[in-house]
Amino acid sequence: MSFQLSANLLSHSQDVKATAAISDDFLVTGSRDTSVICWRRIAPDAFEPHGTFSEHSHFVNSMACIPATQDHPNGLVVSGSSDKTIQVFDPSHPEKALYTLLGHESNVCALAVAPNCDIISGSWDYTAKVWRNFECIHTVKHEHSVWAALGLEDGTFLTASADKTIKLWNGDKCVRTFTGHTDAVRGLALLPGQRFVSCSNDGILRIWSLDGKCLHELAGHTSFVYSVSVLPTGEIVSSGEDRTVRVWRDGECIQTIMHPCTSVWSVAALPNGDFVTGSSDGVARVFTRSGDRLASAEDLKAYEDSLASQSIPSSQLGDVDKSKLPSADRLDRPGDKDGQVIMINTGNAVEAHQWSQAEYKWTLVGQVVDAVGSSRKSTYEGRDYDFVFDVDLGDNVPLKLPYNASDNPYNAAQEFIWKHELSQGYLDQIAKFIIQNAGATTLGSSTSASDPFTGSGRYIPGGAPPPSAPSKPRTPPASSSVRYIPHGTYTSFKAANLNAILTKIVQFNADLEKDMDYASISLQSEEENHLENIVKQLENPGSVDKTLSESHVRILRKVALDWPAERRFPGVDLMRLVVLHTPLILKGTDLVKDLDQIADFSSMPTTTVDKVRETNAMLALRLLANVFALSEGQNMIFAKRSEIFNLIKVAFRYSQNKNFRTALATVFLNFAVLLRERADVALRVELIQSLAEMIRTETDGESEFRAMVALGTLIQGDADCLEAAKLMDVGLTIRRARTVTGETETKLKEVEKELIGILRQ
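Residues numbered from 1 in each chain as written. Predicted model: local features only at pLDDT ≥ 70, side-chain atom pairs only at ≥ 80, totals over all residues. Heavy atoms only, no water.

### What to know about the overall build of the chain
- Along the chain, the regular secondary structure elements total 18 helices and 36 strands.
- When the 761 residues of the chain are sorted by exposure, 56% land in the buried category.
- The long-range share in the chain, meaning contacts at least 24 apart out of those at least 6 apart in sequence, stands at 54%.
- Looking at the chain as shown, the accessible area adds up to about 31300 Å², and 47% of this sits on carbon and sulfur atoms. (Helix = DSSP H or I, 4+ residues; strand = E, 2+ residues; numbered from the N terminus. Buried < 20%, exposed > 50% of the residue type's maximum accessible area, 1.4 Å probe, protein only. Contact = heavy atoms within 4.5 Å. Areas by Shrake-Rupley, 256 points an atom, 1.4 Å probe, with all protein chains shown as cover.)

Dropping the structure here:
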């Protein structure tokens, strides 16, 4: 018998991000609405809420259960949240947490309970932590967010990451690294026989042996696979962004279960062989093979109707040429395999039908959506979308946010934030912007978007408004639980319009060729071709480190360092992008000399500088900020730390330009992170002095925010620096500063509160 709906769990108001089964009759679900709900079975096909845990202050994204003990016969529930906390509570009494585990610096997106009852957590802060008796005993690190964890019988454990790897750990030591996935690894589950299964944003499940071999690849999902679990039968169930849960046996997909929503975030097995899913429509659902636990005929019919009423983007099914689609007569013939989806031209619409091998019939699963706006589609990175919004980060370099009308707006917003490494505080704001500008679109309406804050044509998260904007954008609301201090990662400038940079270099080179004074340093046609190759490589940055040559670097340095001051800025811009991906551009260079040559920092006037110098200095600071991205760059900066800092320590006196000051504040923030990792108390105190003076003169909220976070990162946990900050009367400085940049900027209030709390220690 195939799986069918058993029960709907209806109480959450937003996406159900995490699910777990304490027993056959006791389930827990965690949601974007910040709650964890415990569910008790009241009938073979029905559950009701037994209690709600409400102590998280932000999205609940992960869940695990500790087995029953004499003291806790229903076990314990462990929940992780983007409020950075892990809460442990008794599901029989969910009113209050028994334990709160603190230590992660960002969203806790993964939780697992090991056979010995250790808790293993993973976070966007790139770390996984092992907790024993509710105390952290190990912290291990990946190169990116840790999305999944799995404890093993022998006390070792696995972690999976957005760095595309899975690692096996024995305590703090990495024993083995599993490679093969081509995108973020999102889920792990244990299989019999010293094996485990992983799932990934690459759409593939992989079965591994613990000795490091990939035994099988399971292909079938058409988008990200978010979650995987193993049934008591040894069958695998997986869920993802393609609206489906898939059931796998012996390497084959034996059933595909469509959901009436875009994202199926979570799937968890029950001891009796059923499973529960959590979805973006705010519903958790239990599926069963048992005739005794099937949903009522009325509920089954309602579920089929909800599937049939869905709008499915054609991008999930392939390009749609309506004239070439078969008619409804095609439904008289059986499908080739379970889960096969075909499109049918009914004359007035295009319908998607899915084949069920178990029921031996086609089921209508939705109407295919093609063009929704006034134009058919907008193309971005080779794919068609209903909308491609411009997002300007305040430096006149618009980023593209692609969106299809049938996508989940929160998922589109989150992917945009991850891709461009923006503040997580923008999630709700960007999602609401998408909903406002795309959600109510009808045939014939315009696809142009308006800024939700200014009414202007571009949405500017945290940036300066366009000249025509009547009001200043508001900073996204931040939860009172958010902690910004200490900051633990390096911040880079990655946004760029590569074609515009290349066009500007070619244009300037043509000007230099005609100038008798500079013709000798213009680029030859072969050198221009080399620059075009650099730009092409940056379009696929993973190849830069392998393909960039010393001749490429020599040409790039020529443009950035040797060209006249008013012509060099596109070369500097290209350098700051290249340095993110390869240390070759730093090889054999004097970073201090290069920075000074680009912007002439050492002879900056005490008054405001001219526009050319200001632009070059701003780009030089962005370049320096990006040098921190690589370990080789960190080593180089630390070796020359005093010289570099002396070059820029009073640069804030030169300009009130927002982009300039944000770049400088970012460099100071990266210095703070570096000096927290590597000791130099004297330089820390010097940096505190520069930050205090910069904050006293700051008028831009984002620059002030980064400077305050840098200040807090330096003084938190360091008695000498804390004492120095008190002697400089930093507390009074930061209180006065926010009255200039704006009382309405929530994150400034939050970081000020943190700083004042530290200074009172």
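### Some details on the packing of aromatic side chains
- For the structure shown, the criterion picks out 16 aromatic pairs.
- When the centroid spacing of 3.7 Å and the interplanar angle of 15 degrees are considered together, the rings of Tyr 99 and Phe 134 count as stacked. Note that Tyr 99 is positioned in strand β9 (residues 99-101) and Phe 134 in the loop between β12 (127-132) and β13 (135-141), a separation of 35 residues in sequence.
- Its relative accessible area of 22% is what places Phe 134 among the partly exposed residues.
- Seen in terms of ring centroids, Phe 645 and Phe 668 are 6.1 Å apart; in terms of plane orientation they differ by 50 degrees. Their pairing is tilted. Residue Phe 645 is located in helix α12 (residues 641-648), and its partner Phe 668 is located in helix α13 (residues 658-677); the two are separated by 23 residues in the primary sequence.
- Residue classification places Phe 645 among the buried positions, given a relative accessible area of 1%.
- Among the residues examined, Phe 668 registers a relative accessible area of 0% and is labelled buried.
- A network of ring pairs unites the aromatic residues Tyr 490, Phe 628, Phe 645, Phe 668 and Phe 671 as a single cluster.
- The ring of Phe 59 carries Arg 32 above its face, with NZ or CZ at 4.8 Å from the centroid.
- Across the ring face of Phe 638, the terminal group of Arg 641 is positioned such that the distance to the ring centre comes to 3.9 Å. (Phe/Tyr/Trp six-rings, centres within 6.5 Å; stacked < 30°, edge-to-face > 60°. Lys NZ or Arg CZ within 6 Å of the ring centre and 35° of its normal.)

### Re the nonpolar core
- Membership of the largest hydrophobic core comes to 96 residues, with the highest contact counts inside it found for Leu 531, Leu 574, Phe 601 and Ile 648.
- The dominant element in this core, judged by the number of residues it contributes, is α13, at twelve residues.
- Ignoring sequence-local partners within four residues, the contact set of Phe 601 consists of Leu 595, Asp 596, Ala 617, Ala 620, Leu 621, Leu 647, Ile 648 and Tyr 654.
- Ranked by size, the runner-up nonpolar core spans 17 residues in total, among them Phe 3, Ile 257, Phe 275 and Ala 352. (Core = buried A, V, L, I, M, F, W, Y, C linked by side-chain atoms within 4.5 Å.)

### Let's talk about helix α10 (residues 611-627)
- Helix length check: α10 (17 residues) gives 24 Å between terminal C-alpha atoms against 24 Å at 1.5 Å per residue, within 8%.
- Along α10, 14 of the 17 residues are buried, which leaves the element largely enclosed by surrounding structure. (Expected span 1.5 Å × (residues − 1).)

### Let's talk about unusual backbone geometry
- For Thr 34, which is not glycine, the phi dihedral falls at a positive 80 degrees.
- Within the secondary structure layout, Thr 34 lies in the loop between β3 (26-31) and β4 (36-43).
- On the accessibility criterion, Thr 34 (24% relative accessible area) is partly exposed.
- Despite not being glycine, Asp 250 has its phi angle at roughly 55 degrees, a positive value.
- Note that Asp 250 resides in the loop between β24 (244-249) and β25 (252-258).

### Quick word on the pattern of salt bridges
- This model, assessed by the stated rule, comprises 25 salt bridges.
- Arg 132 is the partner of Asp 118 in a salt bridge, and the nearest nitrogen-oxygen pair spans 2.8 Å. Here Asp 118, found in the loop between β10 (108-113) and β11 (119-123), pairs with Arg 132, found in strand β12; they are 14 residues apart in sequence, far enough to count as distant.
- Overall, Asp 118 belongs to the buried group, its relative accessible area being 6%.
- Between Arg 706 and Glu 702 there is a salt bridge, with the nearest N and O atoms lying 2.8 Å from each other. (Salt bridge = Lys/Arg side-chain N within 4 Å of Asp/Glu carboxyl O.)

### Focus on the side chain of Gln 87
- With respect to the helices and strands, Gln 87 occurs in strand β8 (residues 86-89).
- According to the relative accessible area criterion, Gln 87 is buried, its value standing at 5%.
- Apart from the residues lying within four places of it in its own chain, the contact partners of Gln 87 are Phe 53, Glu 55, His 56, Val 77, Val 78, Ser 79, Ala 97, Tyr 99 and Thr 100.

### Some thoughts on the pairing of strand β27 (residues 275-279)
- A large share of β27 lies buried, amounting to five of its five residues.
- Side chains Phe 275, Thr 277 and Ser 279 project from β27 onto one buried face, and the interleaved Val 276 and Gly 278 project onto a second face that is buried too.
- Sheet analysis places strand β26 (residues 264-269) next to β27, joined by five bridges and oriented antiparallel. Directly across from Ala 269, in β27, lies its bridge partner Phe 275.
- Between the antiparallel neighbours β26 and β27 lie five residues, among them Gly 273 with a positive phi of about 95 degrees.
- Both β27 and strand β28 (residues 283-288) contribute to a ladder of four bridges, which runs antiparallel. Bridging across to β28, Thr 277 finds its partner in Arg 285.
- Linking two consecutive strands that pair antiparallel, namely β27 and β28, is a turn of three residues; a positive phi of about 80 degrees is found at Gly 282 within it. (Pairing = 2+ DSSP bridges.)

### A few points about the sheet that holds β4
- Here we have four strands laid out as an open sheet, ordered β2-β3-β4-β5, and antiparallel in their pairing. With one partner strand each, in any of the chains shown, β2 (16-23) and β5 (46-53) form the two edges of the open sheet. Across the sheet, the mean angle separating the axes of adjacent strands is 25 degrees when strand polarity is ignored.
- As paired strands, β3 and β4 are joined by five bridges and run antiparallel to one another. Bridge pairing links Gly 30 to Val 36 in β4. (Axes fitted to C-alpha atoms, helices over the stretch in contact; angles between N-to-C directions.)

### Looking at the sheet that holds β25
- Read across the sheet, four strands follow the order β22-β23-β24-β25 without closing on themselves; strand pairing throughout is antiparallel. Two strands close off the open sheet at either side, each with one partner strand: β22 (225-230) and β25. Strand-to-strand twist of the sheet, defined as the mean angle between neighbouring strand axes without regard to direction, takes the value 20 degrees.
- Here β22 pairs with strand β23 (residues 236-240) via five bridges, running antiparallel. Looking across to β23, one finds that Val 230 is bridged to Ile 236.

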